[in-house]
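Letter by letter, the chains look like this.
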Amino acid sequence: MTVAFFAAQALSAAFAQTPAAAATPKFDAKGIARTETVRRDFDGKREAIQVRVDFAPGASFPKHSHPGVEIAYVLSGTIQYELEGKTITLQAGESLYIPAGAVHSAKNVGPAITAELATYLVEKNKPIVILDK
């Protein structure tokens, strides 16, 4: 067996035991739980951030934008996004590219908890989420 094989096994085991993956989501009053998993400098002006977002059944995140791009990957369940006047419904294993500054919303339209992994490449020192007025 190779070193790469054992490294892959160890990495897989580490991810399976991470608190973010194992913990029960702590929902806010609107039924949303956000767990930041990564925050790293990207190029001096921007940072890469990854956040797991859990939605209780029927919960939605209101219209908002980000100071950079977002790639949303659905981990489980079904999420309905409103983006640029279009309704986009994604199942587990599907993803969506959201351009910088694009106003969008997301809603769990399934019967169980739904989760996405949101990856952002955003300007430093700005809020990640900017609620639409």
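The rules we used
Residues numbered from 1 in each chain as written. Predicted model: local features only at pLDDT ≥ 70, side-chain atom pairs only at ≥ 80, totals over all residues. Heavy atoms only, no water. Pairing = 2+ DSSP bridges. Helix = DSSP H or I, 4+ residues; strand = E, 2+ residues; numbered from the N terminus. Axes fitted to C-alpha atoms, helices over the stretch in contact; angles between N-to-C directions. Buried < 20%, exposed > 50% of the residue type's maximum accessible area, 1.4 Å probe, protein only. Contact = heavy atoms within 4.5 Å. pLDDT = per-residue confidence, 0-100. Core = buried A, V, L, I, M, F, W, Y, C linked by side-chain atoms within 4.5 Å. Salt bridge = Lys/Arg side-chain N within 4 Å of Asp/Glu carboxyl O.

By the naming in an unreviewed UniProt entry, the protein is Cupin domain-containing protein, taken from Pseudoduganella albidiflava.

Participant: Would you mind going over the sheet that holds strand S7 (residues 95-98) with me for this structure?
Facilitator: Strand pairing in a sheet relies on backbone hydrogen bonds. The paired strands run either parallel or antiparallel. Overall, antiparallel pairing links the 5 strands, which are arranged S1-S2-S9-S4-S7 in an open sheet. On the outer flanks of this sheet lie strand S1 (32-41) and S7, each paired with one strand and no other. Taking the axes of each pair of neighbouring strands and ignoring which way they run, one obtains an average angle of 15° across the sheet. Examined bridge by bridge, strand S4 (residues 68-76) and strand S9 (residues 114-123) share 8 bridges and lie antiparallel to one another. The residue of S9 that forms the bridge with Ala72 is Ala118.

Participant: I keep staring at the environment of Tyr120 and nothing clicks. Help me out?
Facilitator: Within the secondary structure, Tyr120 is located in strand S9. What makes Tyr120 buried here is its relative accessible area of 2%. Separated by 48 residues in the primary sequence, Tyr120 and Ala72 have C-alpha atoms spaced 8.7 Å apart. Aside from chain neighbours lying at most four places away, what touches Tyr120 is Arg34, Glu47, Ala48, Ile49, Val51, His66, Val69, Glu70 and Ile128.

Participant: Please clarify how the confidence of the model for the protein should be interpreted in this entry.
Facilitator: Should pLDDT be low for a region, the predicted coordinates there are not to be read in detail. Here the protein averages 87 in pLDDT, and 83% of its residues register 70 or above. Here residues 2-22 is a poorly scored stretch, pLDDT under 50, and it has 5 contacts once near neighbours within four places are set aside; other chains count.

Participant: Even after reading the chapter, I still don't get the sheet that holds strand S6 (residues 86-91), so can you show me in this structure?
Facilitator: Spatially, the 5 strands line up as an open sheet ordered S6-S5-S8-S3-S10, and their pairing is antiparallel. Looking along the sheet, the strands with just one partner apiece sit at the ends: S6 and strand S10 (130-131).

Participant: It is not clear to me how the nonpolar core should be interpreted in this structure. Could you clarify?
Facilitator: Generally speaking, nonpolar side chains in soluble globular proteins are found buried as a group. Of all hydrophobic cores here, the largest spans 22 residues; its most connected members are Ile32, Ile49, Phe55, Ile79, Tyr81, Leu96 and Tyr120. Sorting the residues of this core by element identifies strand S2 (46-55), S4, strand S5 (78-83), S7 and S9 as the ones contributing at least two each. The greatest single-element share of this core, amounting to 4 residues, is contributed by S2. Other than its neighbours up to four places away in sequence, Tyr81 contacts Ala72, Val74, Lys86, Thr87, Ile88, Leu90, Leu96, Ser105, Ala106 and Glu116.

Participant: Help me out: how do you make sense of the pairing of strand S8 (residues 104-108) in this one?
Facilitator: Regular strands have side chains that alternate between both faces of the sheet. Most of S8 sits inside the fold, with 4 of its 5 residues counted as buried. In the sheet, S5 pairs with S8 via 5 bridges, with the strands oriented antiparallel. Paired with Leu83 across the bridge in S8 is His104.

Participant: What exactly am I supposed to notice about the pattern of salt bridges here?
Facilitator: Charged atoms that come close allow side chains of opposite charge to pair. One pass over the structure, following the stated rule, counts 6 salt bridges. Note that Arg39 is salt-bridged to Glu36, the shortest N-O span being 2.9 Å. Looking at Arg39, the relative accessible area reads 40%, which means it is partly exposed. The exposure class of Glu36 is partly exposed, given its relative accessible area of 40%. A salt bridge links Lys124 to Asp41; the nearest nitrogen and oxygen atoms lie 2.2 Å apart.

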